[in-house]
Amino acid sequence: MISPGPGLAVSAEVSAALTAGRPVVALESTLIAHGLPRPRNRAVAVELEEMLRERGVTPATVAVIDGVPTIGLDDATLSRVADDPAVAKASVRDLPAAAALRRTCATTVASTSMLAARAGIRVFATGGLGGVHRGAGESFDESADLPTLGGTPITVVSAGVKSILDVGATLERMETLGITLLGWRTSEFPGFYLPGSGHRLDWRVDDARQVAGTMAARDRLGLTSAIVVANPVPREQALDPGVHDRVLAEALRRAEAGGLRGKAVTPFLLETFHTETAGASLEVNVAVVRSNVAVAAEIATAWTAG
Ligand code: PSU
Ligand code: MN
């Protein structure tokens, strides 16, 4: 029997699926509210949920609605999160204040993982994880996604970490934090907009049953850390590497010149990519998330099949 932790609202649909042991995949809302431009963002949010339903999987989009961490949004709430520019970005540390002040917030990989795990959900699909930013040795800018995943027993499907980050440093931190890292049909860590990052992976899996087996073994060992399944963007849908490198340099220069700090950095870099590539990076970002949702559906199905 699933008993969601207190302080959560779990939709009837998600709650019924969990209780019956049917597959459920969590989806985050920061990607929707702050990672993709309006109005495309709402269409993508709806499409991702439909993709899961077509595969017999219950979608559980997570957000904070009027202060209440909510697992599984109805159409009106999903539209509100996508459409309202006042919706804030909430990591784990923001949840208590958002609850007390009854704010509506989008949840990051960190807060979505923590809330989904608390509701009994085992699999989550996103685009790319947050990680260690370039220049973090000075700025100390490391996403709260990493330490949260170090202590949250969920399986996250992502296309690696966003290439705007220091990928090598992020991999080192994932090692330190005990996050299990599996390459999905690859031995190279993916580069979000690009299929590869040049960094090798220790573990490769080729089907969802191997991931479910890894999850079961993790549980038997009493570990409470996340498993990250790194799924490269399909090669034919990736960004042109030359365009990628040029735009990345420009985006980093603008972030530096603008003195950007804190949680504004990642949305700024992503938006600069979308404008500077005339929407090409946006299409890649959407392709990345679709591909991750498809893999997450397979994993959630394999997990419930036992
Ligand atoms: N993946 C995407 N687009 C996004 C994000 C991930 O394709 O916008 C979001 C996630 O919510 C992730 C956040 O948790 O970016 C990281 O933000 P920060 O670096 O401030 O922790
Ligand atoms: Mn940061």
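This structure is a prediction, so every number in the text was calculated from the model and none was measured.

Looking at the site of ligand 1
Residues in close proximity to ligand 1 total 18 residues, the closest being Glu28, Lys89, Ser143, Asp145 and Thr266. A distance of 2.6 Å separates an oxygen atom of ligand 1 from a polar side-chain atom of Ser143. Lys162 has a polar side-chain atom sitting 3.3 Å from a nitrogen atom of ligand 1. Contact with the protein chains covers 94% of the free accessible surface of ligand 1, which is 480 Å². At the level of elements, helix H2 (30-35) and helix H12 (265-276) are the ones that each hand at least two residues to the shell around ligand 1. It is H2 that provides the largest number of residues to the shell around ligand 1, a total of three residues. For the shell around ligand 1, the per-class residue count stands at four nonpolar, ten polar and four charged. Three or more residues apiece are contributed to the shell around ligand 1 by two domains, here domain 1 (1-121) and domain 2 (129-306).

Describing the UniProt feature "binding site: Mn(2+)" (unreviewed entry) in the protein
Residues annotated in UniProt with the feature "binding site: Mn(2+)" (unreviewed entry) correspond here to Asp141. The topology assignment puts Asp141 in the loop between helix H7 (136-139) and helix H8 (145-150). Its relative accessible area of 18% is what places Asp141 among the buried residues. For Asp141, the contacting residues outside a window of four places in its chain are Gly131, Val132, His133, Ala136, Gly262 and Val265.

Describing the pattern of salt bridges
Under the definition given, this model contains 14 salt bridges. The shortest N-O distance in the salt bridge between Glu283 and Arg40 comes to 2.6 Å. Taken together, the positions of Glu283 in helix H13 (residues 280-305) and Arg40 in helix H3 (residues 40-54) put the pair 243 residues apart, joining distant regions of the chain. Residue Glu283 is classed as partly exposed on the basis of its relative accessible area of 40%. Residue Asp83 pairs with Arg42 through a salt bridge whose shortest N-O separation is 2.9 Å. You can see Asp83 sitting in helix H4 (residues 75-83) and its partner Arg42 sitting in helix H3, a full 41 residues away along the chain. Several salt bridges converge on common partners, so that one network encompasses Glu250, Arg253, Arg254 and Glu276.

A closer look at the side chain of Glu49
With respect to the helices, strands and loops of the structure, Glu49 is situated in helix H3. Here Glu49 is in contact with Leu27, Pro59, Thr61 and Leu78, once residues within four sequence places are set aside.

Thoughts on the pairing of strand E11 (residues 227-230)
Alternating positions in E11 separate into two faces, Ile227 and Val229 on one and Val228 and Ala230 on the other, with burial throughout. By the bridge criterion, four bridges tie strand E8 (residues 155-158) to E11 in an arrangement that is parallel. Note that in E11 the partner of Val157 across the bridge is Val229. Where strand E9 (residues 180-184) meets E11, four bridges bridge the pair, whose relative direction is parallel. Looking at E11, one finds that Thr180 is bridged to Ile227.

Here we look at the domain arrangement of the protein
For the protein, the assigned domains are domain 1 (1-121) and domain 2 (129-306). Just the C-alpha atoms count here: the centres of domain 1 and domain 2 sit 19 Å apart. Facing 31 residues of domain 1, the contacting portion of domain 2 comprises 26 residues. Surface buried jointly by domain 1 and domain 2 totals about 2,200 Å² across both partners, of which 70% is contributed by carbon and sulfur atoms. Of all residues in domain 1, the largest losses of buried area upon contact with domain 2 belong to Arg40, Lys89 and Val109, amounting jointly to 23% of the total for that side. Counting the contacts that link domain 1 with domain 2 gives two salt bridges. Close ionic contact of Glu47 with Arg290 constitutes a salt bridge, the shortest N to O distance being 2.4 Å. Taken together, the connections running from domain 1 to domain 2 amount to five residue pairs in polar contact (both at pLDDT 80 or more). At the level of secondary structure, the elements contributing two or more residues to the side of domain 1 that touches domain 2 comprise strand E2 (24-27), H2, H3 and helix H6 (109-118).

What counts and what doesn't
- Residues numbered from 1 in each chain as written.
- Chains lettered and ligands numbered in written order.
- Predicted model: local features only at pLDDT ≥ 70, side-chain atom pairs only at ≥ 80, totals over all residues.
- Heavy atoms only, no water.
- Near = heavy atom within 4 Å.
- Polar contact = N/O pair within 3.5 Å; in protein donor to acceptor, adjacent residues only side chain to side chain.
- Areas by Shrake-Rupley, 256 points an atom, 1.4 Å probe, with all protein chains shown as cover.
- Helix = DSSP H or I, 4+ residues; strand = E, 2+ residues; numbered from the N terminus.
- Nonpolar A, V, L, I, M, F, W, Y, C, P; charged D, E, K, R; others polar.
- Domains from an automatic or database assignment.
- UniProt positions renumbered as here; feature names shortened; annotations may be inferred.
- Buried < 20%, exposed > 50% of the residue type's maximum accessible area, 1.4 Å probe, protein only.
- Contact = heavy atoms within 4.5 Å.
- Salt bridge = Lys/Arg side-chain N within 4 Å of Asp/Glu carboxyl O.
- Pairing = 2+ DSSP bridges.
- Buried area = accessible area lost by both parts, 1.4 Å probe.

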